[in-house]
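Observations on the three-dimensional arrangement
Each chain is listed here by its residues.
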Amino acid sequence: MNQKQGFSLRRILFSAATLVLLGMSPMVGTAQPDGAALFNNNCAACHKIDQDLVGPALGGVTDRLDEAYLIKWIRNSQAVVASGDQYAVDLYNKWNKVAMPAYDWTDEEIKSVLAYIKEQGTATASVAAGSPGEQALAAVEAEEGFPMSQVLWIVVFLIAAVIFFLAQQRKKLNEAYEEKVASGELNEEQLKEIKPSFKIKPIHAIGGGLTFFLIGAIGWGIDVAQHVGIQQGYQPAQPIAFSHELHAGTHEIACSYCHTGVERGKSATIPAVNVCMNCHNQIKKDAPEIKKIHAAWENNQPIEWIRIHNLPDLAYFNHYQHYKVAGIECQTCHGPIQEMPEVYQHSELTMGWCINCHRETKVDLDNGYYQAVHGNKESFQKALKEKGLTIANLGGIECSKCHY
Ligand code: HEC
Ligand code: HEC
Ligand code: HEC
Ligand code: HEC
Ligand code: HEC
Ligand code: HEC
């Protein structure tokens, strides 16, 4: 159930390889600001460059389709489909007849988005503009101006310069030897004794290449790692220094003892003061942080915990469905909470994040819920075996499932 994160090793290596091949430095965010913003605000909810989402991956689309057609499509894809255009009709059917919104934009605006798509498609190296998390990442890198990876690239170029310089010196030295032999100052025997015999063999070239590649990869990795969690790692200070590490970790109190909502409904819910009092009317009752609990209890005031995970109102998420029905561990979405002295947001919580998991998670046929909802176990099982159905195949990417 490990959904792909934007910073998987494969992606890092692939990025580094692309960079080495292109011989360019990983400047992220050099896109026309216009196109990038338009894309991120309007298209990124459904499209990624390098990966299918609600709509197809857009990398390379500018090479496959001509500009006039793309402009027509983006301005009103439904009109193109309605015109009977075979490509459009096939595409629409292939994507389960999800209608893409119409964009009443000028040619310039559409072209700037296309330019951005093209650029992102070729420089797969840069973090694709997908989820807000990744956008934040790209934006920060662009702003920072001098990320770690560029320092490393400078190191690479310096090493290359030194190698070039040494090669020149070696050539000069050889010429000098040759002159001495020619002028009779040295004979062949003497030459063999003093001339360094190091020869560049293919293995050295390969080793050198790999070293450069690794430096690049490490640089890119550091860069990405440094920025992970900009959007995700939200970790506000709480009014009482409540530690999950202590309660859920050391003392192994069950998550659902406090977050009772996961057993029955949409919200996990935060425990009320009386739950704390079950234990803290006795335990450590003179500690300053515990006195705050007692004060809230005596004044009949709730503790004003600051909410960390929060989807916008337009999206619907249900804990019961994921935790009880689908049997997904809290940690899959919230990370190692039992190791957190202070809770932070572990996952992106973007639409792409939800949909990725729905696309990747296979339907669990033994789960009574699916049987109840989808009925006819036999034919369902057959389809499952043949196709390996995912949550997405069962409607888990239909807009109305997550949006009111
Ligand atoms: C609500 C989701 C959604 C949004 C938002 C969206 N698209 Fe799409 N797009 C789709 C779907 C789904 C398809 C596949 C065709 C269909 O079903 O209509 C598609 C198809 C496309 C195609 C054709 C791809 C191909 O392989 O031929 C292009 C180009 C495209 N979209 C560009 C954009 C751009 C640019 C934006 C933003 C201005 C955008 N889309 C916004 C859902 C969306
Ligand atoms: C099931 C029992 C239990 C519940 C319920 C419980 N705690 Fe605790 N809590 C403990 C134990 C055990 C300790 C560790 C005491 C020790 O270190 O000796 C502790 C320690 C603490 C401490 C650290 C105190 C200190 O200064 O060392 C704080 C703060 C705290 N709890 C807050 C809370 C809050 C807020 C709640 C309600 C949301 C809560 N606890 C609910 C058992 C509980
Ligand atoms: C003793 C009670 C208690 C236990 C046990 C407990 N929690 Fe909590 N949890 C709280 C309290 C109080 C808060 C609000 C303060 C905070 O964010 O630290 C909270 C906050 C959270 C949040 C962040 C909520 C937000 O604001 O978005 C998550 C996620 C969470 N808990 C998950 C878990 C998981 C997973 C476990 C089990 C591994 C667990 N909790 C065990 C009391 C508890
Ligand atoms: C499939 C992913 C997923 C799983 C599994 C999951 N959560 Fe959540 N959790 C979320 C999302 C998404 C939100 C934000 C919901 C919102 O804003 O409507 C959230 C919010 C929360 C909150 C704060 C808001 C609230 O609902 O009260 C708490 C506390 C929490 N989760 C605890 C837990 C605990 C405890 C478990 C395990 C028993 C768990 N979660 C399992 C995704 C998950
Ligand atoms: C770790 C994997 C995972 C993540 C992340 C996840 N889901 Fe799910 N989701 C599932 C599974 C598995 C089911 C199937 C359970 C079921 O059908 O009740 C499901 C079912 C659903 C359903 C019911 C679909 C149906 O066909 O009835 C909705 C709605 C839903 N998820 C919304 C969300 C939203 C919103 C998010 C993001 C905030 C999200 N999910 C994130 C795994 C995930
Ligand atoms: C599995 C759940 C899920 C499905 C299915 C889903 N969405 Fe979303 N959507 C979300 C969540 C969660 C958010 C809020 C987080 C975010 O903005 O990424 C969201 C945000 C959005 C936004 C606001 C985008 C933004 O960047 O603020 C739009 C528009 C949207 N969805 C349209 C759609 C359309 C159209 C479909 C159907 C093609 C769809 N969604 C299907 C979960 C879903």
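Conventions we followed
Residues numbered from 1 in each chain as written. Chains lettered and ligands numbered in written order. Predicted model: local features only at pLDDT ≥ 70, side-chain atom pairs only at ≥ 80, totals over all residues. Heavy atoms only, no water. Donors = N, O, S within 2.8 Å, 3.2 Å for Na, K, Ca; no water. Tetrahedral: all angles 85-135°; square planar, octahedral: opposite > 155°, others 65-115°. Helix = DSSP H or I, 4+ residues; strand = E, 2+ residues; numbered from the N terminus. Polar contact = N/O pair within 3.5 Å; in protein donor to acceptor, adjacent residues only side chain to side chain. Salt bridge = Lys/Arg side-chain N within 4 Å of Asp/Glu carboxyl O. Buried < 20%, exposed > 50% of the residue type's maximum accessible area, 1.4 Å probe, protein only. Core = buried A, V, L, I, M, F, W, Y, C linked by side-chain atoms within 4.5 Å. Near = heavy atom within 4 Å. Nonpolar A, V, L, I, M, F, W, Y, C, P; charged D, E, K, R; others polar. Phe/Tyr/Trp six-rings, centres within 6.5 Å; stacked < 30°, edge-to-face > 60°. Patch = residues over 30% accessible without salt bridge, like charges linked within 9 Å, V, L, I, M, F, W, Y side chains within 5 Å. Areas by Shrake-Rupley, 256 points an atom, 1.4 Å probe, with all protein chains shown as cover.

Okay, the coordination of the iron atom of ligand 1 next. Around the iron atom of ligand 1, the protein contributes the donor atoms His 47 (NE2) and Met 100 (SD), at 1.9 to 2.1 Å from the metal centre. Between the six donor atoms coordinating the iron atom of ligand 1, the angles at the centre fall across 85 to 179 degrees, so the site counts as octahedral. With His 47 in the loop between helix H2 (33-42) and helix H3 (61-64) and Met 100 in the loop between helix H6 (86-94) and helix H7 (107-122), this pair connects stretches of sequence that are 53 residues apart.

The N-cap of H6, judged by a side-chain oxygen 3.3 Å from the amide nitrogen of Tyr 87 a few residues on, is Asp 85. Residue Asn 96 follows H6 closely and has a positive phi angle near 55 degrees.

Our focus in this paragraph is the pattern of salt bridges. For the coordinates displayed, the defined rule picks out six salt bridges. The salt bridge involving Lys 118 is made with Asp 63; its shortest N-O contact spans 3.5 Å. Here Lys 118, found in helix H7, pairs with Asp 63, found in helix H3; they are 55 residues apart in sequence, far enough to count as distant. Relative accessible area serves as the criterion here: at 44%, Lys 118 is assigned to the partly exposed category. Linking Lys 292 and Glu 289 is a salt bridge whose minimum nitrogen-to-oxygen distance equals 3.3 Å. In this pair, Lys 292 and Glu 289 both sit in helix H15 (residues 288-298), three residues apart, roughly one turn of the helix. Owing to a relative accessible area of 29%, Glu 289 belongs among the partly exposed residues under this scheme.

This next bit is on the nonpolar core. Core analysis: the largest hydrophobic core is formed by 25 residues, its most contacted members being Phe 39, Val 113, Leu 114 and Ile 117. Every element with two or more residues in this core is listed here: H2, helix H4 (67-75), helix H5 (77-82), H6 and H7.

Once that is clear, we can look at the site of ligand 6. Around ligand 6, the surrounding shell holds 16 residues, and the nearest of these are Val 54, Met 351, Cys 399, Cys 402 and His 403. Separating a nitrogen atom of ligand 6 from a side-chain N or O atom of His 403 is a distance of 2.7 Å. Looking at the shell around ligand 6 element by element, the count peaks at three residues for helix H18 (residues 351-360). For the shell around ligand 6, the per-class residue count stands at eleven nonpolar, four polar and one charged.

Let us look at the site of ligand 1. Taken together, 24 residues lie near ligand 1, and Cys 43, Cys 46, His 47, Tyr 87 and Met 100 sit nearest. Within the contact set of ligand 1, an oxygen atom lies 3.2 Å away from a side-chain nitrogen or oxygen of Arg 64. Interatomic distance of 2.5 Å between a side-chain N/O atom of Tyr 87 and an oxygen atom of ligand 1.

Within the structure shown, the criterion is met by four aromatic pairs. Judged by centre distance (6.2 Å) and plane angle (70 degrees), the rings of Tyr 69 and Tyr 87 are edge-to-face. Residue Tyr 69 is located in helix H4, and its partner Tyr 87 is located in helix H6; the two are separated by 18 residues in the primary sequence. Overall, Tyr 69 belongs to the buried group, its relative accessible area being 14%. Given a relative accessible area of 34%, Tyr 87 falls into the partly exposed group. Where Phe 242 meets Trp 305, the ring centres are 6.2 Å apart and the plane angle is 70 degrees; that geometry is what we call edge-to-face. With Phe 242 in the loop between helix H11 (202-227) and helix H12 (244-250) and Trp 305 in the loop between H15 and helix H16 (319-325), the pair connects residues that are 63 residues apart, well separated along the chain.

Moving on to a nonpolar patch on the surface. On the surface, a cluster of nonpolar side chains totalling about 220 Å² of accessible area is made up of Val 155, Ile 159 and Ile 163. Along the polypeptide, Ile 163 turns up in helix H9 (residues 148-182).

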